[in-house]
Amino acid sequence: MRALVTGVGGFVGPYLVDALARETGVEVVGLCRHPVSGRGYTPIVADLLDREPVMRAVREVAPTHVFHLAAQSSVAASFADASGTLTNNLAAQANLLDACRALPEPPRVLVVGSAEEYGLVRPEEAPLTEAQPFRPTSPYAVSKVAQDLLGWQYFHSYGLSVVRVRPFSHAGPGQSDQFVIAAFARQIAEIEAGRRPPVVRVGNLEARRDFLDVRDVARAHVLALTRGMPGAVYNIGSGVAVRIGDALDALLRLARVPVTVEPDPARLRPSDVPLLVADSRALGAATGWRPEIAFEETLAATLAWWRLRVALREEGP
């Protein structure tokens, strides 16, 4: 296997590289917008929005498998820049898919969507299968629906071996604090270090999400592309809905100092999805995947990572 990973410097990228390293005989190339350094892969620089460099880079690598992780992934940022999110996520994927189908031996391609594609879900519809209608409630979600459908179109029109996945919420060390678990963990770590008042500021705590550890998600990506059926789409989730407030309570039990909680209107979205929980039986049946890492372990690891980050900032110049 010669694997090309886009977005290799993002949150999931390093974990995917680690998951690939556990496979036998895998060469990994990371496609980056800017020069980066990382272990386990060879970097190659190209901006996915610049068609010709992407065509050259993919031709040079000649991958057998492509994992397309690169995207603007923040729901909040998509409300601030809807057109930028849509352009970035859809145009980048179109350039990549064109480059892949132009190869003499086109690769298998993983298109990474999102549970946000499902959007407004009625309680009786949960847990969600892959047949659930799309009702996206953010520009980010719309962009992921478009990526999802574009992947299907390239499979149908050109015979490109595209496998699509829709991962539900995932967390772990290294995640940006634009995402809820990391946002809570960072605030707690900074409170413990005396860098902010002992108050965690929060948005909507009533939403319920299906959380996975990022390592389980990375493993699912590898299995979906290597064992899944081209043209198919697979949910990646635990099947358990966790109230955001309960996740916060679990983190607060790990805090080393007393902490209070206050609502912050700035952290509320113009539109939020009350419930997202997955039915991932199709992925399990096709690949044997199942989640292995407990949510409590993910929370503890995320908080430990933010404690280290805060400590390193204090020791810096």
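For the structure given in this document, a descriptive report is provided here. Bear in mind that the values here come from a model prediction, so they are computed numbers and not experimental data.

### Side note on the overall build of the protein
No. 1: Scanning the protein for helices and strands turns up ten helices and 14 strands.
No. 2: Here the protein has a C-alpha radius of gyration of 19 Å; the compact-globule value for 317 residues is 20 Å, and the two agree.
No. 3: With respect to the three principal axes, the spread of C-alpha positions in the protein is 60 × 55 × 40 Å.
No. 4: Burial statistics for the protein: of 317 residues in total, 50% are counted as buried.
No. 5: Sequence-distant contacts in the protein: of pairs separated by 6 or more residues, those separated by 24 or more amount to 79%.
No. 6: Total accessible area on the protein is roughly 14000 Å²; 54% of this is exposed by carbon and sulfur atoms.
No. 7: Looking at the protein, you have 33 positive and 34 negative side-chain charges, and the mean spots of the two groups are 1 Å apart.

### Here's the deal with the packing of helix α2 (residues 51-61) against helix α4 (residues 82-101)
No. 1: For the pair α2 and α4, interaxial distance at closest approach is 9 Å and the crossing angle is 40°. Judged on the interaxial angle alone, α4 and α2 are oblique. Along this stretch, α2 crosses α4, giving a crossing that reads as right-handed. Residues Arg-51, Val-54, Met-55 and Val-58 of α2 lie in contact with α4, whose contacting residues are Asn-95, Leu-96, Asp-98, Ala-99 and Cys-100.

### Describing unusual backbone geometry
No. 1: Here the amide bond leading from Ala-126 into Pro-127 is cis, since omega sits at -5°, within 30 degrees of zero.
No. 2: If you trace the backbone, Pro-127 turns up in the loop between β5 (108-112) and α5 (139-158).

### Re the sheet that holds strand β14 (residues 275-276)
No. 1: The strand order β12-β9-β14 describes an open sheet built from three strands, whose pairing is mixed. With partners counted over all chains shown, the strands left at the sheet margins are β12 (242-243) and β14, one partner each.
No. 2: In this sheet, β12 lies alongside strand β9 (residues 208-209) in antiparallel orientation, the contact comprising two bridges. Within β12, the position partnered with Arg-208 by the bridge is Arg-243.

### Observations regarding the environment of Val-28
No. 1: Tracing the backbone shows Val-28 in strand β2 (residues 27-32).
No. 2: We classify Val-28 as buried; its relative accessible area is 7%.
No. 3: As a C-alpha pair, Val-28 and Pro-63 span 35 residues in sequence and 9.0 Å in three-dimensional space.
No. 4: In this structure, Val-28 is in contact with Ala-3, Val-5, Val-17, Leu-20, Gly-40, Tyr-41 and Thr-42, ignoring residues within four places of it in sequence.

### Concerning the pattern of salt bridges
No. 1: Summed over the entire model, instances satisfying the criterion amount to 25 salt bridges.
No. 2: Salt bridges here are not isolated pairs; linked through shared partners, they connect Glu-117, Asp-148, Arg-164 and Arg-166.

### Thoughts on the packing of α4 against α5
No. 1: Look at α4 against α5: their axes get within 9 Å of each other, and the N-to-C directions meet at 20°. Considering the angle they form, α4 stands roughly parallel to α5. The way α4 lies across α5 gives a crossing that is right-handed. Here α4 contributes Ala-82, Thr-85, Leu-86, Asn-89, Leu-90, Gln-93, Ala-94, Leu-97, Asp-98 and Arg-101 to the contact with α5, which in turn contributes Pro-139, Tyr-140, Val-142, Ser-143, Lys-144, Ala-146, Gln-147, Leu-150, Gly-151, Tyr-154 and Tyr-158.
No. 2: For the contact of α4 with α5, a count of residues per class yields twelve nonpolar, six polar and three charged.

### Observations regarding the nonpolar core
No. 1: Formed by 33 residues in total, the largest nonpolar core has its most connected members in Val-5, Leu-16, Leu-20, Phe-67, Leu-110 and Ile-236.
No. 2: Going through the elements one at a time, β1 (2-6), α1 (13-21), β2, β5, β6 (161-167), α7 (214-227) and β11 (233-236) are the ones with two or more residues in this core.
No. 3: Broken down by element, the residue count for this core peaks at eight residues, all from α7.
No. 4: In this structure, Ile-236 is in contact with Val-165, Arg-166, Pro-167, Phe-168, Leu-212, Val-217, Ala-220, His-221, Ser-280, Leu-283 and Trp-289, ignoring residues within four places of it in sequence.
No. 5: By size, the runner-up hydrophobic cluster in this structure holds 26 residues, among which are Ala-171, Ile-188, Val-259 and Val-310.

### Concerning the packing of aromatic side chains
No. 1: Across all of its chains, the model carries seven aromatic pairs by this definition.
No. 2: Seen from their ring centres, Tyr-118 and Phe-134 are 6.2 Å apart, and the 35° between their planes marks the pair as tilted. Taken together, the residues Tyr-118 in the loop between β5 and α5 and Phe-134 in the loop between β5 and α5 connect sequence positions 16 residues apart.
No. 3: You can call Tyr-118 buried: its relative accessible area is 0%.
No. 4: For Phe-134, a relative accessible area of 29% gives the class partly exposed.
No. 5: With 5.0 Å between their ring centres and 85° between their planes, Trp-305 and Trp-306 make a pair best called edge-to-face.
No. 6: Judged by its relative accessible area of 3%, Trp-306 falls in the buried class.
No. 7: Ring-pair connections join several aromatic residues into one group, and the members of that group are Tyr-118, Phe-134 and Phe-168.
No. 8: Its guanidinium or amino end placed over the ring of Tyr-158, Arg-101 lies 3.7 Å from that ring's centre, counting from NZ or CZ.

Rules used in this analysis
- Residues numbered from 1 in each chain as written.
- Predicted model: local features only at pLDDT ≥ 70, side-chain atom pairs only at ≥ 80, totals over all residues.
- Heavy atoms only, no water.
- Helix = DSSP H or I, 4+ residues; strand = E, 2+ residues; numbered from the N terminus.
- Rg over C-alpha atoms; globule rule 2.2 N^0.38 Å.
- Buried < 20%, exposed > 50% of the residue type's maximum accessible area, 1.4 Å probe, protein only.
- Contact = heavy atoms within 4.5 Å.
- Areas by Shrake-Rupley, 256 points an atom, 1.4 Å probe, with all protein chains shown as cover.
- Lys, Arg positive; Asp, Glu negative; His and termini not counted.
- Charge placed at Lys NZ, Arg CZ, Asp CG, Glu CD.
- Axes fitted to C-alpha atoms, helices over the stretch in contact; angles between N-to-C directions.
- Parallel < 35°, antiparallel > 145°, perpendicular 65-115°, else oblique.
- Left-handed = near helix turned anticlockwise from the far one by under 90°.
- Pairing = 2+ DSSP bridges.
- Salt bridge = Lys/Arg side-chain N within 4 Å of Asp/Glu carboxyl O.
- Nonpolar A, V, L, I, M, F, W, Y, C, P; charged D, E, K, R; others polar.
- Core = buried A, V, L, I, M, F, W, Y, C linked by side-chain atoms within 4.5 Å.
- Phe/Tyr/Trp six-rings, centres within 6.5 Å; stacked < 30°, edge-to-face > 60°.
- Lys NZ or Arg CZ within 6 Å of the ring centre and 35° of its normal.

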